[in-house]
Amino acid sequence: YCCMDKPHPKLAIASCPHQGDEQKSGIALVSIGNILRCDDGIGVRLLDKLSPEVKDEVCLFKLETYSQFVLDCVAYHEVAVIVDAVRSGKQTGDVSIIDLKEIFEYGTKLELNSCHGFSFFDELSLIQDKSLLPDKTYFFGIEIDKVEWGENLSKALSLRQDEINKCLEEFLKSLFLKLG
């Protein structure tokens, strides 16, 4: 389990043991979302509910509304998974897992709408030194219903939270197997 309390000299905000390595390693798991705007905080809630065995295998970063620090979190990792709420017209609670490699390499448009004005994808796209990016970056998007002010998830999303959490854990475990 990694945290953001010991900054690496090259990074202003976040650090973990992987960020000091010469070779990329480890998995960065980053959540983005405002926990005071109903469903927008689903990413943070999912990270809070991860099993201890999964938490022990990843570097957790809960950015909440500070998506501008996403590079600080994912740099020097072999793999990054970014968890965020989306509104793209699908059923509330549906999950989209997207490998962002092609989108970064070929400038393809990300077909999911972030709930934030300037998304993590915009932040990562602006990075000049692409060698800082993980070898694999995935987006784990959760379709949401409500984003008005409030601390509780909508009923529709709340009913699917355990299912979504299981999906995230299974996806992460599949990455652990790939990395060895």
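This text gives an overview of the structure that appears in the document. (Residues numbered from 1 in each chain as written. Predicted model: local features only at pLDDT ≥ 70, side-chain atom pairs only at ≥ 80, totals over all residues. Heavy atoms only, no water.)

### Focus: the overall build of the protein
Piece 1. When helices and strands are tallied, the protein shows seven helices and five strands.
Piece 2. For the protein, the residues scored as buried account for 51% of the 180 residues in total.
Piece 3. Taking the intrachain contacts of the protein between residues at least 6 apart in sequence as the baseline, contacts between residues at least 24 apart amount to 79%. (Helix = DSSP H or I, 4+ residues; strand = E, 2+ residues; numbered from the N terminus. Buried < 20%, exposed > 50% of the residue type's maximum accessible area, 1.4 Å probe, protein only. Contact = heavy atoms within 4.5 Å.)

### Some words on the sheet that holds strand β1 (residues 27–32)
Piece 1. Across the sheet, which stays open at both edges, the five strands sit in the order β2-β1-β3-β5-β4 with mixed pairing between neighbours. What marks the edges here is a single partner per strand, and that holds for β2 (59–64) and β4 (95–99). The mean angle between the axes of side-by-side strands here comes to 20 degrees, regardless of whether they run parallel or antiparallel.
Piece 2. Direction of pairing for strand β3 (residues 79–86) relative to strand β5 (residues 136–143): parallel, over a ladder of eight bridges. Counterpart to Ala80 in the pairing with β5 is Thr137.
Piece 3. Across the sheet, helix α7 (residues 161–179) is in contact with β1, β3, β4 and β5; its angle to β5 comes to roughly 170 degrees. (Pairing = 2+ DSSP bridges. Axes fitted to C-alpha atoms, helices over the stretch in contact; angles between N-to-C directions.)

### Quick look at α7
Piece 1. Look at α7: 27 Å from first C-alpha to last across 19 residues, which is about the 27 Å you get at 1.5 Å a residue.
Piece 2. The complete set of buried residues in α7 reads Gln161, Ile164, Asn165, Leu168, Glu169, Phe171, Leu172, Leu175 and Phe176. The buried residues of α7 occupy one face: seen down the axis, they fall within an arc of 160 degrees. Opposite the packed face of α7, turned more than 90 degrees from it, sit the exposed residues Asp162, Lys166, Leu177 and Lys178. (Expected span 1.5 Å × (residues − 1). Arc of directions from axis to C-beta.)

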